[in-house]
Amino acid sequence: MKVYRLEPESGKYKNIYLSDDTDIELRLTDYFDFRGKPKMSEWSTPEVYLEELEDEDVGTQPVPDIAGFRPDTLVLSQRAADLFSPYLKDTVELLPMNCGWETWYAVNVLNVVNAVDYEQSEIQRDDDGDFIGMNTTVIDPNKVKPGQLFKIPEDNRTTILYLEPDNSSDDLIALIKKHGLTGLRFVEANRWSEEFIR
């Protein structure tokens, strides 16, 4: 079974940004940090907008179905949210964001799993032997339920991961391809340092 990192295709499509009207206090807190903790009960729908990166070499960027918001956050269009919902179950919160006349949804992954294979991973430790990071992360697929999004505590719960199921009818990757959803790429991540784009 393969593990994938989910990453927005930021250079190819527009990204989501907070509007200038968003409360500065919220910007300075962990309100927009999605690290595996529920947020729905405290969520106040922010105003956001889509904008392309300022890069002359890229050209005009289209609006995707799945956009990047922050390094650890994906945002789904209404169409993508409707298609994703049956696959997300109780492992993800979809938090609404007002984007002009449309509603987009920030993906808050709640499923944090201790899935790192420490024997195969290359651990970075300080002089006292304390854990400070990982040079190479190896995921043990036997510790994860197939077909679910998840995060790991070792990278501060920032990377969104996905374990491909055996049954393609339950596969999020197949769903995205079938419906032609844009803006997301899957990077193979069974072994973090080896990257194969699917």
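Quick look at the structure, then.

Scoring rules and cut-offs
- Residues numbered from 1 in each chain as written.
- Predicted model: local features only at pLDDT ≥ 70, side-chain atom pairs only at ≥ 80, totals over all residues.
- Heavy atoms only, no water.
- Helix = DSSP H or I, 4+ residues; strand = E, 2+ residues; numbered from the N terminus.
- Buried < 20%, exposed > 50% of the residue type's maximum accessible area, 1.4 Å probe, protein only.
- Contact = heavy atoms within 4.5 Å.
- 1 Å grid on protein atoms, 1.4 Å probe; cavity = no way out; pocket = protein on both sides within 12 Å on 5 of 7 lines; lining within 4 Å.
- Points joined across faces, edges and corners; volume = space filled by probe spheres on them.
- Arc of directions from axis to C-beta.
- Polar contact = N/O pair within 3.5 Å; in protein donor to acceptor, adjacent residues only side chain to side chain.

1. What about the side chain of N108?
At step 1: Positionally, N108 belongs in strand β7 (residues 102-109).
At step 2: Overall, N108 belongs to the buried group, its relative accessible area being 0%.
At step 3: If we ignore the near neighbours within four places in the chain, the residues touching N108 are F34, R35, G36, K37, P38, K39, T91, V92, E93 and L95.

2. Some points on empty space enclosed by the protein
In this approach a probe as big as a water molecule rolls over the atoms, and the regions it shows empty are the leftover space.
At step 1: In the structure shown here, the tally under the stated rule is one cavity of 30 Å³ or more.
At step 2: In this structure, the largest cavity encloses a volume near 40 Å³.
At step 3: L6, L74, L76, F84, L88, V107, L149 and I160 are the residues that line the largest cavity.
At step 4: Elements supplying a minimum of two residues to the lining of the largest cavity: β5 (73-76) and α2 (78-88).

3. Description of helix α3 (residues 172-179)
Note on helix geometry: an α-helix contains 3.6 residues per turn, so any two residues three or four positions apart are oriented the same way.
At step 1: Every buried residue of α3 is listed here: L172, I173, L175 and I176. Each buried residue of α3 lies within a common arc of 160° when the element is viewed along its axis, so the set occupies one face. Facing away from the buried side of α3, by more than 90 degrees, are the exposed residues K177 and K178.
At step 2: If you follow the buried residues of α3, they end up packed against β1 (3-8), β4 (66-70), α2, β10 (149-150), β11 (161-163) and β12 (184-188).
At step 3: Its side-chain oxygen at 3.1 Å from the backbone nitrogen of I173, D171 defines the N-terminal cap of α3.
At step 4: G180 lies just past α3 and shows a positive phi near 65°.

4. Some thoughts on the environment of D20
At step 1: By the secondary structure assignment, D20 is in the loop between β2 (15-18) and α1 (24-27).
At step 2: Note on D20: relative accessible area 70%, which makes it exposed.
At step 3: Separated by 29 residues in sequence, D20 and Y49 place their C-alpha atoms 9.7 Å apart.

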